Amino acid sequence: MTVETNSSPGAADAAEERFLDALEPPAAAADGLCGVPPQAGTTGPAEAPGDRPGFAVDPDSLPDGLVVADDTGRVVCFNAAAARITALAPEQALGAPIDRALPLEDLEGRRWWALTDPYGGLATRRGQPERNLLLPGGREVLVSASYVRTHPTGPVRRLVVTLRGTEARRRTERSHAELIATVAHELRSPLTSVKGFTATLLAKWERFTDDQKRLMLETVDADANRVTRLIAELLDISRIDSGRLEVRRQPVDIATAVGRHVQALTANGQAPERFLVSVSRPLPDLWADPDKIDQILGNLLENAVRHGEGTVTIGVSPHEKGTAVTVSDEGPGIPEESMARVFTRFWRGSKRGGTGLGLYIVKGIVEAHGGTITVGRGPGGGAEFRFILPVSAPAYLTQ
């Protein structure tokens, strides 16, 4: 899944603080830091409390746009990210009034600087929270401002503005919208079936034979399991995205786990001869979460059976970093142009069902164990997934 370098609002504040720490040492250094030569007849501002002489941050190295205006409202710093976001050359902005260099408007068309009045407004204000504003031409940008005063209610000595593009936020919003649409679609079908069969049974119970009742109840049970699996997938995605996926490590016999999954597939109607299991021993001790390992194996084998063809080969072997497991089939495989998207949300190898979330979750689980997973083309021409789990043990055994 993928990212353009972008920072959160908290990162923007941290960048601003780092810059301010470096902004006020000796005047020449401070002005040179922003690429603005000292103006004739002027002296640099007095060193502020908390300054660290000798420490400097290049504004052009910051990921967010940074614009700094002096006590007269003229721009003294306009970094490279600000130039990229605003499409304005630094030399055009430097020395210009802040309202002219950044002619911002709110979404209702009102001029933002007139509304906020940083230099003439309330002396207790410390800044403006991040909000969506418009640049000339209608380009949206996320803007926050900080007012640096000589003392809590003194005049504004520096106006520091941070700018961020909205592209990353819009991608996140689209991703959330896609997730909601997928969940709604996947839930609607089984819930419609459950509602229809239960309503029919309650209304006309006496009219159906025992075999008909059993068939409808089995369908309801299968659809309820489908809903349960989807909810479990959503919870896993939430934990993976927030970094809260817990791994409870125990000794795991990976070869036995593979055999158990193959037996389950054959019990559900798959031909036993379709599976070829190869185990190279001795295998290193594997400490992992057994439930999560079952989830990985179940997903990869189900994908191979559903989307692949021919023999499904499962290989388990020792690796210099731990244990390697390979699952391959003899189907058409995955096109080269799609390889990079296999582990992203909603990717589907075919139109044979599924939410497109399984491989995203598999990758998250493998990485939570400290392992890696790759996809390629197998010896039989089909898809080949290979994951490596490192040798590890619970913390209480290593202390």
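Since the structure is predicted, the reported quantities are computational estimates derived from the model, not experimental observations.

Engineer: Honestly, unusual backbone geometry in this entry has me stumped. Any pointers?
Structural biologist: Glycine aside, residues mostly have negative phi, and peptide bonds are mostly found in the trans state. The omega angle of the peptide bond from Arg281 to Pro282 is 5°, so this bond is cis rather than trans. Within the element layout of this structure, Pro282 appears in the loop between strand S7 (275-279) and strand S8 (287-288). One non-glycine residue, Ala87, lies in positive phi territory at about 60°. Positioned with a positive phi, Asp117 is a non-glycine residue whose angle comes to about 45°. Along the chain, the position of Asp117 falls in the loop between helix H6 (112-116) and strand S3 (127-134). With relative accessibility at 36%, the residue Asp117 sits in the partly exposed group.

Engineer: Please clarify how the pairing of S3 should be interpreted in this entry.
Structural biologist: Sheet faces and side chains relate simply in a regular strand, where the side chains alternate between the two faces. Two elements, S3 and strand S4 (residues 140-149), share six bridges in a ladder whose sense is antiparallel. Bridged to Leu133 within S4 is Val141.

Engineer: Would you explain the sheet that holds strand S12 (residues 383-390) in this entry?
Structural biologist: Strands pair in a sheet through their backbones, by hydrogen bonds, and they do so in one of two ways: parallel or antiparallel. One open sheet accounts for five strands, arranged S7-S9-S10-S12-S11; its pairing is mixed. Because the sheet does not close on itself, it has two edges, and the strands there are S7 and strand S11 (372-377). Neighbour-to-neighbour, the strand axes of this sheet turn through a mean angle of 15°, independent of strand direction. Two strands pair when backbone bridges link them, and strand S9 (residues 312-319) and strand S10 (residues 322-328) are joined in this way by seven bridges, in the antiparallel orientation. The partner of Val316 across the bridge, within S10, is Val325. Relative to S12, helix H10 (residues 290-307) is tilted by about 170°, and along the sheet it contacts S7, S9, S10 and S12.

About the thresholds
Counting of residues starts from 1 at the beginning of each chain's written sequence and follows it residue by residue. The predicted origin of the model limits local features to residues at a pLDDT of at least 70 and limits the giving and counting of side-chain atom pairs to 80 or more, whereas totals for whole chains, interfaces and linings rest on all residues. Heavy atoms throughout the structure, all of them, feed into the side-chain values; hydrogens and water do not. Labels follow the DSSP assignment, with helices taken as runs of H or I lasting at least four residues and strands as runs of E lasting at least two, numbered in each case from the N terminus. Each residue gets one of three labels from its accessible area relative to the maximum for its type: buried under 20%, exposed over 50%, partly exposed in between, using a 1.4 Å probe on protein chains only. We treat two strands as partners when DSSP finds at least two bridges between them. What counts as an axis is a line fitted to C-alpha atoms, over the stretch in contact for a helix, and the angles between N-to-C directions run from 0 to 180 degrees. Residue contacts are counted whenever heavy atoms from the two residues lie within 4.5 Å of one another.

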